[in-house]
Amino acid sequence: MGIVQRQGLRNTIISYIGLALGFVSTALVLPNFLQPEQLGVTATLSSVATLYAQVAAFGFASVGIRFFPYFRHPESGHRGFLPLLLGVPLLGFAVVTALYFLGEPLLLPWYGHDAPLLAPYYAWGAVLALFTMLYSVQDAYLKALYHTAFSSFVQDILLRVLIVTGAFLFGLGYLSFSGYVLWFVSVNSAIALLLTAYTAAIGELHWRPTRQVLTVWPLREMLGMGAFTLLGSLSGSIIMFIDTLMVGAQVSVAAAGIYVVAGNISTALAIPARSLNKIAFPLLADYWKQQDLPRMADFYRRATRLNTLIGCLLFLGIALNLDFIYSLMRNARYAEGTVVVLLLLGSKLFDGITGVNGLMVVTSPRYRFDLIFNVSLALLTILLNGLLIPRLGMVGAAVAACIAQVSINVARTWFVWHSYRMQPFTWRIPLILGIAAVAGVAGWLMPALSSPLLTMLLRSTVLTLVYGTLILVTNSAPEATAFLSKLTQRKH
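Residues numbered from 1 in each chain as written. Predicted model: local features only at pLDDT ≥ 70, side-chain atom pairs only at ≥ 80, totals over all residues. Heavy atoms only, no water.

**Quick notes on the overall build of the chain**
Here is the rule: To qualify as a helix, a DSSP run of H or I must reach at least 4 residues; to qualify as a strand, a run of E must reach at least 2; elements of each kind are numbered from the N terminus. Only protein chains enter the accessibility calculation, which uses a 1.4 Å probe; a residue is then buried when its area is under 20% of its type maximum, exposed when over 50%, and partly exposed in between. Contacts: residue pairs with any heavy atoms within 4.5 Å of one another. Here the open area of atoms and residues is found with the Shrake-Rupley method and a 1.4 Å probe, where only the protein chains shown may cover a residue.
Along the chain, the regular secondary structure elements total 22 helices and zero strands. Scored against the burial criterion, the 492 residues of the chain give a buried share of 50%. Long-range pairs, those at least 24 residues apart, make up 82% of the contacts in the chain with a sequence separation of at least 6. Just so you have it, the chain exposes about 22800 Å², and 70% of that area is on carbon and sulfur atoms.

See below:
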(Lines give C-alpha, C1' and ligand atoms only; values in the text may rest on other atoms or scores of the structure.)
Protein backbone atom coordinates (compact mmCIF):
# COMPACT_ATOMS: atom_id res chain seq x y z
CA MET A 1 0.00 0.00 0.00
CA GLY A 2 1.50 3.35 -1.07
CA ILE A 3 1.69 6.53 0.98
CA VAL A 4 -1.43 8.02 -0.65
CA GLN A 5 -3.52 4.92 0.12
CA ARG A 6 -2.20 4.71 3.70
CA GLN A 7 -2.81 8.38 4.38
CA GLY A 8 -6.25 8.15 2.76
CA LEU A 9 -7.28 5.21 4.95
CA ARG A 10 -6.04 6.93 8.10
CA ASN A 11 -7.81 10.14 7.14
CA THR A 12 -11.09 8.27 6.62
CA ILE A 13 -10.90 6.65 10.06
CA ILE A 14 -9.87 9.91 11.73
CA SER A 15 -12.63 11.81 9.92
CA TYR A 16 -15.41 9.51 11.16
CA ILE A 17 -14.07 9.51 14.73
CA GLY A 18 -13.70 13.28 14.59
CA LEU A 19 -17.23 13.84 13.30
CA ALA A 20 -18.72 11.71 16.07
CA LEU A 21 -16.51 13.32 18.72
CA GLY A 22 -17.31 16.79 17.41
CA PHE A 23 -21.05 16.20 17.62
CA VAL A 24 -20.90 14.78 21.15
CA SER A 25 -18.58 17.50 22.48
CA THR A 26 -20.17 20.57 20.90
CA ALA A 27 -23.81 19.52 21.10
CA LEU A 28 -23.87 17.61 24.37
CA VAL A 29 -20.76 18.15 26.54
CA LEU A 30 -19.92 21.85 26.25
CA PRO A 31 -23.51 23.05 26.92
CA ASN A 32 -23.38 21.25 30.28
CA PHE A 33 -20.42 23.33 31.44
CA LEU A 34 -20.81 26.67 29.68
CA GLN A 35 -23.62 29.19 29.92
CA PRO A 36 -25.07 30.36 26.57
CA GLU A 37 -23.27 33.71 26.77
CA GLN A 38 -19.96 31.96 27.56
CA LEU A 39 -20.36 29.58 24.65
CA GLY A 40 -21.32 32.59 22.55
CA VAL A 41 -18.04 34.33 23.43
CA THR A 42 -15.86 31.40 22.31
CA ALA A 43 -17.99 30.85 19.20
CA THR A 44 -17.66 34.53 18.28
CA LEU A 45 -13.89 34.44 18.80
CA SER A 46 -13.59 31.32 16.66
CA SER A 47 -15.75 32.75 13.88
CA VAL A 48 -13.88 36.07 13.81
CA ALA A 49 -10.50 34.30 13.85
CA THR A 50 -11.45 32.02 10.94
CA LEU A 51 -12.58 34.89 8.71
CA TYR A 52 -9.63 37.04 9.82
CA ALA A 53 -7.14 34.24 9.05
CA GLN A 54 -8.57 33.54 5.62
CA VAL A 55 -8.36 37.16 4.53
CA ALA A 56 -4.80 37.41 5.84
CA ALA A 57 -3.66 34.18 4.14
CA PHE A 58 -4.85 35.50 0.77
CA GLY A 59 -5.73 32.05 -0.50
CA PHE A 60 -2.17 30.76 -0.12
CA ALA A 61 -3.27 27.48 1.46
CA SER A 62 -4.75 26.50 -1.90
CA VAL A 63 -1.75 27.99 -3.71
CA GLY A 64 0.49 25.65 -1.74
CA ILE A 65 -1.33 22.57 -3.00
CA ARG A 66 -1.75 23.88 -6.55
CA PHE A 67 1.84 24.99 -7.27
CA PHE A 68 4.02 22.84 -5.01
CA PRO A 69 4.64 20.15 -7.68
CA TYR A 70 6.61 22.74 -9.69
CA PHE A 71 8.85 23.47 -6.69
CA ARG A 72 9.27 19.92 -5.42
CA HIS A 73 13.00 19.25 -5.04
CA PRO A 74 14.01 17.69 -1.69
CA GLU A 75 17.73 18.24 -2.24
CA SER A 76 17.32 22.04 -2.35
CA GLY A 77 14.62 22.28 0.33
CA HIS A 78 11.96 22.54 -2.40
CA ARG A 79 13.65 25.68 -3.72
CA GLY A 80 12.60 27.81 -0.74
CA PHE A 81 8.88 27.19 -1.22
CA LEU A 82 7.94 27.04 2.49
CA PRO A 83 9.29 30.53 3.34
CA LEU A 84 7.31 31.92 0.39
CA LEU A 85 4.20 30.00 1.41
CA LEU A 86 4.41 31.47 4.92
CA GLY A 87 5.80 34.87 3.96
CA VAL A 88 2.85 36.19 1.95
CA PRO A 89 0.24 35.20 4.60
CA LEU A 90 2.38 36.71 7.40
CA LEU A 91 2.61 39.95 5.44
CA GLY A 92 -1.16 39.85 4.92
CA PHE A 93 -1.63 39.14 8.62
CA ALA A 94 0.33 42.26 9.55
CA VAL A 95 -1.93 44.41 7.36
CA VAL A 96 -5.19 42.83 8.55
CA THR A 97 -4.08 43.01 12.20
CA ALA A 98 -3.46 46.74 11.91
CA LEU A 99 -6.99 47.15 10.53
CA TYR A 100 -8.38 44.82 13.20
CA PHE A 101 -7.06 46.90 16.10
CA LEU A 102 -7.77 50.24 14.44
CA GLY A 103 -11.35 49.03 13.88
CA GLU A 104 -11.96 47.98 17.50
CA PRO A 105 -13.90 51.19 18.37
CA LEU A 106 -16.17 50.49 15.39
CA LEU A 107 -16.55 46.70 15.69
CA LEU A 108 -17.29 46.23 19.41
CA PRO A 109 -20.24 48.67 19.50
CA TRP A 110 -22.05 46.33 17.07
CA TYR A 111 -22.57 44.06 20.07
CA GLY A 112 -24.34 46.76 22.09
CA HIS A 113 -24.73 45.89 25.77
CA ASP A 114 -22.77 42.65 25.25
CA ALA A 115 -19.64 44.50 24.12
CA PRO A 116 -18.14 44.32 27.68
CA LEU A 117 -18.34 40.50 27.46
CA LEU A 118 -16.15 40.47 24.36
CA ALA A 119 -13.85 43.43 25.02
CA PRO A 120 -11.44 41.57 27.39
CA TYR A 121 -10.83 38.94 24.70
CA TYR A 122 -10.59 41.19 21.64
CA ALA A 123 -6.80 40.92 21.43
CA TRP A 124 -7.01 37.14 21.80
CA GLY A 125 -8.93 37.11 18.52
CA ALA A 126 -5.75 38.24 16.75
CA VAL A 127 -3.68 35.53 18.45
CA LEU A 128 -6.23 32.87 17.53
CA ALA A 129 -6.34 34.16 13.93
CA LEU A 130 -2.54 34.01 13.63
CA PHE A 131 -2.31 30.38 14.65
CA THR A 132 -5.42 29.46 12.66
CA MET A 133 -3.71 30.89 9.59
CA LEU A 134 -0.40 29.13 10.34
CA TYR A 135 -2.23 25.85 10.80
CA SER A 136 -4.07 26.13 7.46
CA VAL A 137 -0.89 27.00 5.53
CA GLN A 138 1.16 24.24 7.12
CA ASP A 139 -1.68 21.79 6.60
CA ALA A 140 -1.65 22.66 2.88
CA TYR A 141 2.12 22.16 2.76
CA LEU A 142 1.81 18.72 4.37
CA LYS A 143 -1.00 17.78 1.98
CA ALA A 144 1.29 18.65 -0.92
CA LEU A 145 3.89 16.34 0.63
CA TYR A 146 1.23 13.57 0.99
CA HIS A 147 1.46 13.71 4.79
CA THR A 148 -2.13 14.41 5.83
CA ALA A 149 -3.06 11.98 8.60
CA PHE A 150 -1.25 13.76 11.44
CA SER A 151 -2.81 17.16 10.72
CA SER A 152 -6.25 15.51 10.50
CA PHE A 153 -5.65 13.82 13.85
CA VAL A 154 -4.66 17.00 15.70
CA GLN A 155 -7.52 19.02 14.16
CA ASP A 156 -10.35 16.49 14.29
CA ILE A 157 -9.53 14.52 17.43
CA LEU A 158 -6.82 16.02 19.64
CA LEU A 159 -8.16 19.58 19.51
CA ARG A 160 -11.70 18.48 20.38
CA VAL A 161 -10.47 16.36 23.28
CA LEU A 162 -8.43 19.28 24.63
CA ILE A 163 -11.35 21.72 24.35
CA VAL A 164 -13.62 19.30 26.22
CA THR A 165 -10.88 18.85 28.84
CA GLY A 166 -10.79 22.61 29.34
CA ALA A 167 -14.57 22.65 29.75
CA PHE A 168 -14.31 19.92 32.42
CA LEU A 169 -11.63 21.91 34.25
CA PHE A 170 -13.85 25.00 34.10
CA GLY A 171 -16.88 23.06 35.30
CA LEU A 172 -14.92 21.60 38.21
CA GLY A 173 -13.72 25.04 39.25
CA TYR A 174 -10.06 24.68 38.30
CA LEU A 175 -10.35 27.38 35.65
CA SER A 176 -12.15 30.70 35.67
CA PHE A 177 -13.99 31.62 32.48
CA SER A 178 -11.08 33.89 31.50
CA GLY A 179 -8.81 30.91 32.12
CA TYR A 180 -11.01 28.75 29.90
CA VAL A 181 -10.86 31.30 27.07
CA LEU A 182 -7.06 31.34 27.43
CA TRP A 183 -7.11 27.53 27.36
CA PHE A 184 -9.32 27.60 24.25
CA VAL A 185 -6.97 29.97 22.42
CA SER A 186 -3.87 28.08 23.64
CA VAL A 187 -4.95 24.63 22.45
CA ASN A 188 -6.00 26.05 19.08
CA SER A 189 -2.55 27.64 18.85
CA ALA A 190 -0.77 24.51 20.04
CA ILE A 191 -1.97 22.40 17.12
CA ALA A 192 -0.23 24.79 14.70
CA LEU A 193 3.00 24.38 16.68
CA LEU A 194 2.51 20.60 16.64
CA LEU A 195 2.37 20.72 12.84
CA THR A 196 5.63 22.67 12.83
CA ALA A 197 7.24 20.03 15.05
CA TYR A 198 5.89 17.24 12.85
CA THR A 199 7.17 18.95 9.69
CA ALA A 200 10.62 19.15 11.31
CA ALA A 201 10.43 15.50 12.42
CA ILE A 202 9.85 14.29 8.84
CA GLY A 203 12.73 16.46 7.61
CA GLU A 204 10.63 18.95 5.62
CA LEU A 205 11.00 22.13 7.70
CA HIS A 206 13.03 24.20 5.24
CA TRP A 207 13.06 27.73 6.65
CA ARG A 208 15.85 29.17 4.54
CA PRO A 209 14.54 31.51 1.80
CA THR A 210 16.16 31.43 -1.64
CA ARG A 211 16.07 33.67 -4.70
CA GLN A 212 15.45 30.60 -6.81
CA VAL A 213 11.86 30.47 -5.54
CA LEU A 214 11.01 33.54 -7.62
CA THR A 215 12.22 31.94 -10.87
CA VAL A 216 10.21 28.71 -10.76
CA TRP A 217 6.77 30.21 -11.31
CA PRO A 218 5.65 33.86 -11.74
CA LEU A 219 4.70 35.30 -8.36
CA ARG A 220 2.02 37.43 -10.02
CA GLU A 221 0.21 34.31 -11.25
CA MET A 222 0.41 32.71 -7.81
CA LEU A 223 -1.05 35.84 -6.23
CA GLY A 224 -3.81 35.84 -8.84
CA MET A 225 -4.62 32.22 -8.05
CA GLY A 226 -4.61 33.12 -4.34
CA ALA A 227 -7.09 35.96 -4.89
CA PHE A 228 -9.40 33.66 -6.86
CA THR A 229 -9.38 30.93 -4.22
CA LEU A 230 -9.71 33.52 -1.44
CA LEU A 231 -13.12 34.52 -2.77
CA GLY A 232 -14.27 30.90 -2.77
CA SER A 233 -12.92 29.96 0.67
CA LEU A 234 -14.03 33.24 2.24
CA SER A 235 -17.52 32.76 0.82
CA GLY A 236 -17.64 29.29 2.37
CA SER A 237 -16.59 30.63 5.76
CA ILE A 238 -19.10 33.47 5.60
CA ILE A 239 -21.83 30.93 4.92
CA MET A 240 -20.71 28.89 7.94
CA PHE A 241 -20.05 31.66 10.48
CA ILE A 242 -21.86 34.86 9.56
CA ASP A 243 -25.13 33.80 11.18
CA THR A 244 -23.40 33.29 14.55
CA LEU A 245 -21.72 36.69 14.32
CA MET A 246 -24.89 38.48 13.26
CA VAL A 247 -27.07 36.79 15.90
CA GLY A 248 -24.51 37.81 18.53
CA ALA A 249 -24.45 41.39 17.25
CA GLN A 250 -28.18 41.90 16.60
CA VAL A 251 -29.71 39.77 19.37
CA SER A 252 -27.20 38.85 22.09
CA VAL A 253 -24.06 36.83 22.69
CA ALA A 254 -26.18 34.38 24.70
CA ALA A 255 -28.47 33.89 21.70
CA ALA A 256 -25.37 33.20 19.60
CA GLY A 257 -24.39 30.46 22.07
CA ILE A 258 -27.87 28.91 21.87
CA TYR A 259 -27.77 29.17 18.07
CA VAL A 260 -24.36 27.45 17.92
CA VAL A 261 -25.63 24.49 19.96
CA ALA A 262 -28.70 24.22 17.73
CA GLY A 263 -26.45 24.29 14.66
CA ASN A 264 -24.23 21.60 16.14
CA ILE A 265 -27.23 19.34 16.76
CA SER A 266 -28.34 19.76 13.15
CA THR A 267 -24.89 18.90 11.77
CA ALA A 268 -25.53 15.22 12.54
CA LEU A 269 -27.78 15.17 9.47
CA ALA A 270 -24.92 16.38 7.26
CA ILE A 271 -22.43 13.67 8.28
CA PRO A 272 -23.56 11.00 5.75
CA ALA A 273 -23.59 13.53 2.89
CA ARG A 274 -20.09 14.72 3.78
CA SER A 275 -18.85 11.15 3.82
CA LEU A 276 -20.45 10.47 0.43
CA ASN A 277 -18.92 13.65 -1.00
CA LYS A 278 -15.42 12.44 -0.16
CA ILE A 279 -16.05 9.46 -2.41
CA ALA A 280 -17.98 11.43 -5.01
CA PHE A 281 -15.36 14.14 -5.62
CA PRO A 282 -12.64 11.97 -7.24
CA LEU A 283 -15.24 9.74 -8.89
CA LEU A 284 -16.97 12.65 -10.62
CA ALA A 285 -13.61 14.10 -11.66
CA ASP A 286 -12.79 10.77 -13.28
CA TYR A 287 -16.16 10.66 -15.09
CA TRP A 288 -15.51 14.14 -16.49
CA LYS A 289 -12.05 13.10 -17.63
CA GLN A 290 -13.51 10.06 -19.43
CA GLN A 291 -16.53 12.07 -20.64
CA ASP A 292 -18.67 9.24 -19.31
CA LEU A 293 -21.85 11.27 -18.86
CA PRO A 294 -24.28 8.31 -18.69
CA ARG A 295 -22.46 6.79 -15.70
CA MET A 296 -22.20 10.23 -14.13
CA ALA A 297 -25.94 10.77 -14.50
CA ASP A 298 -26.61 7.38 -12.93
CA PHE A 299 -24.32 8.18 -10.00
CA TYR A 300 -26.00 11.58 -9.61
CA ARG A 301 -29.41 9.91 -9.24
CA ARG A 302 -28.18 7.15 -6.92
CA ALA A 303 -26.33 9.62 -4.67
CA THR A 304 -29.44 11.77 -4.43
CA ARG A 305 -31.60 8.76 -3.56
CA LEU A 306 -29.14 7.61 -0.89
CA ASN A 307 -28.89 11.09 0.64
CA THR A 308 -32.69 11.34 0.68
CA LEU A 309 -33.08 7.90 2.26
CA ILE A 310 -30.61 8.49 5.08
CA GLY A 311 -31.36 12.20 5.45
CA CYS A 312 -35.10 11.70 6.01
CA LEU A 313 -34.47 9.09 8.71
CA LEU A 314 -31.96 11.31 10.51
CA PHE A 315 -34.20 14.37 10.18
CA LEU A 316 -37.11 12.54 11.79
CA GLY A 317 -34.93 10.83 14.39
CA ILE A 318 -33.51 14.15 15.59
CA ALA A 319 -36.75 16.14 15.27
CA LEU A 320 -38.87 13.63 17.19
CA ASN A 321 -36.30 13.36 19.99
CA LEU A 322 -35.28 16.98 20.52
CA ASP A 323 -36.86 16.91 23.98
CA PHE A 324 -34.55 14.05 24.92
CA ILE A 325 -31.47 15.75 23.43
CA TYR A 326 -32.12 18.98 25.30
CA SER A 327 -32.88 17.07 28.51
CA LEU A 328 -29.23 15.99 28.49
CA MET A 329 -28.24 19.66 28.95
CA ARG A 330 -28.46 21.02 32.47
CA ASN A 331 -29.25 24.55 31.28
CA ALA A 332 -32.83 24.72 30.02
CA ARG A 333 -32.09 27.94 28.08
CA TYR A 334 -30.51 25.93 25.27
CA ALA A 335 -33.94 24.46 24.50
CA GLU A 336 -34.90 27.90 23.17
CA GLY A 337 -33.13 26.76 20.01
CA THR A 338 -35.68 24.02 19.22
CA VAL A 339 -37.24 25.85 16.25
CA VAL A 340 -33.75 26.76 15.02
CA VAL A 341 -32.76 23.07 15.01
CA LEU A 342 -35.84 22.13 12.97
CA LEU A 343 -35.23 24.86 10.40
CA LEU A 344 -31.52 24.04 10.06
CA LEU A 345 -32.37 20.35 9.73
CA GLY A 346 -34.73 21.27 6.90
CA SER A 347 -32.04 23.25 5.09
CA LYS A 348 -29.51 20.41 5.39
CA LEU A 349 -32.10 17.84 4.27
CA PHE A 350 -32.85 19.85 1.13
CA ASP A 351 -29.12 20.22 0.53
CA GLY A 352 -28.82 16.42 0.63
CA ILE A 353 -31.92 15.77 -1.47
CA THR A 354 -30.62 17.95 -4.28
CA GLY A 355 -27.71 15.58 -4.51
CA VAL A 356 -24.13 16.33 -5.32
CA ASN A 357 -24.93 19.30 -7.55
CA GLY A 358 -22.13 21.42 -6.07
CA LEU A 359 -19.53 18.76 -6.82
CA MET A 360 -21.01 18.31 -10.29
CA VAL A 361 -20.30 21.97 -10.97
CA VAL A 362 -16.85 22.21 -9.38
CA THR A 363 -15.51 19.13 -11.20
CA SER A 364 -17.05 20.12 -14.55
CA PRO A 365 -15.40 22.13 -17.36
CA ARG A 366 -17.50 25.08 -16.18
CA TYR A 367 -16.04 24.90 -12.66
CA ARG A 368 -15.61 28.70 -12.42
CA PHE A 369 -19.38 29.01 -11.98
CA ASP A 370 -18.94 27.35 -8.57
CA LEU A 371 -17.31 30.57 -7.36
CA ILE A 372 -20.30 32.55 -8.62
CA PHE A 373 -22.68 30.26 -6.74
CA ASN A 374 -20.64 30.44 -3.51
CA VAL A 375 -20.29 34.22 -3.60
CA SER A 376 -24.00 34.55 -4.39
CA LEU A 377 -24.89 32.28 -1.48
CA ALA A 378 -22.68 34.27 0.88
CA LEU A 379 -24.20 37.59 -0.19
CA LEU A 380 -27.74 36.19 -0.03
CA THR A 381 -27.07 34.82 3.46
CA ILE A 382 -25.82 38.19 4.70
CA LEU A 383 -28.77 40.04 3.13
CA LEU A 384 -31.40 37.68 4.53
CA ASN A 385 -29.79 37.68 7.98
CA GLY A 386 -29.78 41.46 7.96
CA LEU A 387 -33.49 41.51 7.09
CA LEU A 388 -34.77 38.65 9.27
CA ILE A 389 -32.69 38.65 12.48
CA PRO A 390 -33.97 42.06 13.67
CA ARG A 391 -37.56 40.80 13.17
CA LEU A 392 -37.32 37.15 14.27
CA GLY A 393 -34.16 36.96 16.37
CA MET A 394 -32.08 33.81 16.06
CA VAL A 395 -35.01 32.08 14.34
CA GLY A 396 -34.58 34.66 11.59
CA ALA A 397 -31.01 33.43 11.02
CA ALA A 398 -32.30 29.87 10.64
CA VAL A 399 -35.03 31.01 8.22
CA ALA A 400 -32.36 32.88 6.27
CA ALA A 401 -30.23 29.72 6.11
CA CYS A 402 -33.21 27.74 4.77
CA ILE A 403 -34.11 30.27 2.09
CA ALA A 404 -30.50 30.69 1.00
CA GLN A 405 -29.78 26.94 0.83
CA VAL A 406 -32.99 26.17 -1.06
CA SER A 407 -32.40 29.02 -3.51
CA ILE A 408 -28.80 28.17 -4.31
CA ASN A 409 -29.46 24.44 -4.62
CA VAL A 410 -32.35 25.05 -6.99
CA ALA A 411 -30.02 27.27 -9.04
CA ARG A 412 -27.22 24.67 -9.05
CA THR A 413 -29.60 21.86 -9.98
CA TRP A 414 -31.01 23.95 -12.84
CA PHE A 415 -27.48 24.85 -13.98
CA VAL A 416 -26.40 21.19 -14.18
CA TRP A 417 -29.60 20.30 -16.07
CA HIS A 418 -29.34 23.28 -18.42
CA SER A 419 -25.62 22.73 -19.12
CA TYR A 420 -25.42 18.93 -19.28
CA ARG A 421 -29.04 17.68 -19.32
CA MET A 422 -28.60 15.77 -16.03
CA GLN A 423 -30.98 15.96 -13.10
CA PRO A 424 -31.07 13.78 -9.97
CA PHE A 425 -34.76 13.04 -9.46
CA THR A 426 -36.78 9.90 -10.20
CA TRP A 427 -40.20 8.73 -9.04
CA ARG A 428 -38.52 7.11 -6.00
CA ILE A 429 -37.68 10.46 -4.39
CA PRO A 430 -41.31 11.58 -3.74
CA LEU A 431 -42.09 8.00 -2.68
CA ILE A 432 -39.32 8.10 -0.04
CA LEU A 433 -40.56 11.52 1.14
CA GLY A 434 -44.11 10.15 1.44
CA ILE A 435 -42.87 7.14 3.43
CA ALA A 436 -40.89 9.47 5.67
CA ALA A 437 -44.02 11.52 6.33
CA VAL A 438 -45.99 8.39 7.30
CA ALA A 439 -43.19 7.13 9.57
CA GLY A 440 -42.80 10.56 11.13
CA VAL A 441 -46.49 10.79 11.99
CA ALA A 442 -46.36 7.26 13.45
CA GLY A 443 -43.45 8.21 15.70
CA TRP A 444 -45.04 11.53 16.69
CA LEU A 445 -48.30 9.82 17.71
CA MET A 446 -46.48 7.72 20.33
CA PRO A 447 -47.37 8.97 23.82
CA ALA A 448 -44.78 10.56 26.10
CA LEU A 449 -43.64 8.08 28.75
CA SER A 450 -42.35 8.59 32.27
CA SER A 451 -38.89 9.69 31.12
CA PRO A 452 -37.44 11.38 28.02
CA LEU A 453 -35.15 8.36 27.50
CA LEU A 454 -38.04 5.88 27.32
CA THR A 455 -39.97 8.23 25.05
CA MET A 456 -36.93 8.50 22.76
CA LEU A 457 -36.54 4.71 22.60
CA LEU A 458 -40.24 4.20 21.82
CA ARG A 459 -40.41 6.87 19.11
CA SER A 460 -37.12 5.79 17.54
CA THR A 461 -38.20 2.14 17.44
CA VAL A 462 -41.56 2.91 15.84
CA LEU A 463 -39.99 5.33 13.39
CA THR A 464 -37.31 2.86 12.31
CA LEU A 465 -39.69 -0.08 11.97
CA VAL A 466 -42.30 1.81 9.95
CA TYR A 467 -39.74 3.60 7.79
CA GLY A 468 -37.60 0.52 7.14
CA THR A 469 -40.56 -1.77 6.45
CA LEU A 470 -42.18 0.60 3.95
CA ILE A 471 -38.86 1.27 2.20
CA LEU A 472 -38.27 -2.46 1.72
CA VAL A 473 -41.87 -3.32 0.77
CA THR A 474 -42.06 -0.59 -1.88
CA ASN A 475 -38.47 -1.16 -3.08
CA SER A 476 -38.13 2.62 -3.15
CA ALA A 477 -34.41 2.30 -2.41
CA PRO A 478 -32.88 -0.70 -4.21
CA GLU A 479 -29.59 -0.10 -2.38
CA ALA A 480 -31.26 -0.78 0.98
CA THR A 481 -32.89 -3.96 -0.33
CA ALA A 482 -29.58 -5.20 -1.76
CA PHE A 483 -27.79 -4.42 1.53
CA LEU A 484 -30.39 -6.34 3.54
CA SER A 485 -30.14 -9.29 1.16
CA LYS A 486 -26.37 -9.44 1.64
CA LEU A 487 -26.79 -9.39 5.42
CA THR A 488 -29.37 -12.18 5.20
CA GLN A 489 -27.10 -14.31 3.00
CA ARG A 490 -24.20 -13.91 5.45
CA LYS A 491 -26.35 -15.10 8.35
CA HIS A 492 -27.28 -18.21 6.44
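**Some points on the nonpolar core**
Here is the rule we go by: The set of buried Ala, Val, Leu, Ile, Met, Phe, Trp, Tyr and Cys residues whose side-chain atoms join them within 4.5 Å is what this entry labels a nonpolar core. For the domain bounds, the source is a domain assignment made automatically or taken from a database.
The biggest cluster of nonpolar side chains holds 127 residues, and the ones touching the most others in it are Tyr180, Ile265, Leu284, Val356, Met422 and Tyr467. Looking at this core, the element that brings in the most residues is helix α7 (residues 122-144), giving eleven residues. A domain-level breakdown of this core finds at least three residues from each of domain 1 (1-217) and domain 2 (428-475). What Tyr467 contacts, discounting residues up to four positions off in sequence, is Thr308, Leu309, Cys312, Leu313, Ile432, Ile435, Ala436 and Ala439.

**Describing the pattern of salt bridges**
Using the following cut-off: We define a salt bridge as a contact between a side-chain nitrogen of Lys or Arg and a carboxyl oxygen of Asp or Glu at a distance within 4 Å.
In this structure the tally under the stated criterion is two salt bridges. Ionic pairing is found between Glu37 and Arg333, a salt bridge with its closest N-O pair at 3.3 Å. Residue Glu37 is located in helix α2 (residues 36-57), and its partner Arg333 is located in the loop between α15 (322-327) and α16 (338-353); the two are separated by 296 residues in the primary sequence. For Glu37, a relative accessible area of 24% corresponds to the partly exposed category. Judged by its relative accessible area of 33%, Arg333 is partly exposed. Arg302 is paired through a salt bridge with Asp298; the nearest N and O atoms lie 2.8 Å apart. Here the residue Arg302 and the residue Asp298 both occupy positions in helix α14 (residues 293-320), the gap between them amounting to four residues, near one helical turn.

**Here's the deal with the packing of aromatic side chains**
Stated precisely, the cut-off is as follows: Stacked, edge-to-face and tilted are the three classes for Phe, Tyr and Trp ring pairs, Trp counted by its six-membered ring, which pair at centre distances within 6.5 Å; planes under 30 degrees apart are stacked, over 60 edge-to-face, the rest tilted. Two limits define a charge over a ring: the Lys NZ or Arg CZ must be within 6 Å of the ring centre, and within 35 degrees of the ring normal.
Taken as a whole and judged by the stated rule, the model has 13 aromatic pairs. Between Phe369 and Phe415 the ring centres are 4.9 Å apart and the planes differ by 40°, which places this aromatic pair in the tilted class. With Phe369 in helix α18 (residues 369-392) and Phe415 in helix α19 (residues 394-420), this residue pair connects regions lying 46 residues apart in the sequence. Look at Phe415 and you get buried, because its relative accessible area is 6%. The ring of Phe33 is capped by Arg330, whose NZ or CZ atom sits 5.5 Å from the centre of that ring. A cation sits over an aromatic face here: Arg421 above Trp417, 4.3 Å from the ring centre.

**Section: the environment of Met456**
Along the chain, the position of Met456 falls in helix α21 (residues 452-474). You can call Met456 buried: its relative accessible area is 16%. Distance from Met456 to Phe324, taken between C-alpha atoms, is 6.4 Å for residues 132 residues apart in sequence. With residues near it in sequence (within four places) discarded, Met456 still touches Asn321 and Phe324.

**Quick word on the environment of Leu380**
Structurally, Leu380 can be placed in helix α18. Measuring from C-alpha to C-alpha, the distance between Leu380 and Ala404 comes to 6.2 Å, with 24 residues separating the pair along the chain. With residues near it in sequence (within four places) discarded, Leu380 still touches Ala404 and Ser407.

**What to know about α18**
Quick reminder of the rule: To estimate how far a helix should reach, multiply one less than its number of residues by 1.5 Å.
Spanning 24 residues, α18 covers 33 Å between terminal C-alpha atoms, matching the ideal 34 Å at 1.5 Å per step. The set of residues buried in α18 consists of Asp370, Leu371, Phe373, Asn374, Leu377, Ala378, Thr381, Leu384, Asn385, Leu388 and Ile389. Just downstream of α18, Gly393 is the residue with a positive phi angle, here 70°.

**Some words on the packing of α16 against α19**
Stated precisely, the cut-off is as follows: Axis lines are fitted through C-alpha atoms, for helices just across the contact stretch, and the angle between N-to-C directions can take any value from 0 to 180 degrees. Any angle between 65 and 115 degrees counts as roughly perpendicular, while under 35 counts as roughly parallel, over 145 as roughly antiparallel, and the rest as oblique. Each residue receives one of three labels: charged for Asp, Glu, Lys and Arg, nonpolar for Ala, Val, Leu, Ile, Met, Phe, Trp, Tyr, Cys and Pro, and polar for the others, Gly being one of them.
Contact geometry for α16 and α19: axes closest at 9 Å, N-to-C directions at 10°. In terms of orientation, α16 and α19 fall into the roughly parallel class. Only Met394, Val395, Ala398, Val399, Ala401, Cys402, Gln405, Val406, Asn409 and Val410 of α19 make contact with α16, whose side of the interface consists of Val339, Val340, Leu343, Leu344, Ser347, Phe350 and Asp351. Its residues placed into classes, the contact of α16 with α19 shows 13 nonpolar, three polar and one charged.

**Some thoughts on the confidence of the model for the chain**
Under the convention used in this document: Confidence of the predictor in every single residue is expressed as pLDDT, which spans 0 to 100.
The share of residues in the chain with pLDDT of 70 or more is 82%, and the mean pLDDT across the chain is 81. A low-confidence stretch, residues 1-5 (pLDDT under 50), is modelled with four contacts involving residues beyond four sequence positions or located in other chains.

**Regarding unusual backbone geometry**
The backbone phi angle of Arg421 is positive, close to 55°, even though this residue is not glycine. Classification of Arg421 by relative accessible area gives exposed; the value is 55%.

**Here's the deal with the packing of α2 against helix α4 (residues 81-102)**
To be explicit about the condition: Each helix crossing is assigned a hand: it is left-handed if the near helix lies turned anticlockwise from the far helix by less than a right angle, otherwise right-handed if that turn is clockwise.
Where α2 contacts α4, the two axes come as close as 7 Å, and the packing angle between them is 130°. As summarised for this structure, α2 and α4 are arranged oblique, according to the angle between their axes. Note on packing geometry: the crossing formed by α2 with α4 is right-handed. Only Val88, Pro89, Gly92, Phe93, Val96, Thr97 and Tyr100 of α4 make contact with α2, whose side of the interface consists of Val48, Tyr52, Val55, Ala56 and Ala57.

**What about α16?**
Compared with an ideal rise of 1.5 Å per residue, which puts 16 residues at 22 Å, α16 spans 23 Å between its outermost C-alpha atoms and is within 8% of the ideal. Taken together, the buried residues of α16 touch α12 (253-266), α14, α15, α19 and α20 (428-444).

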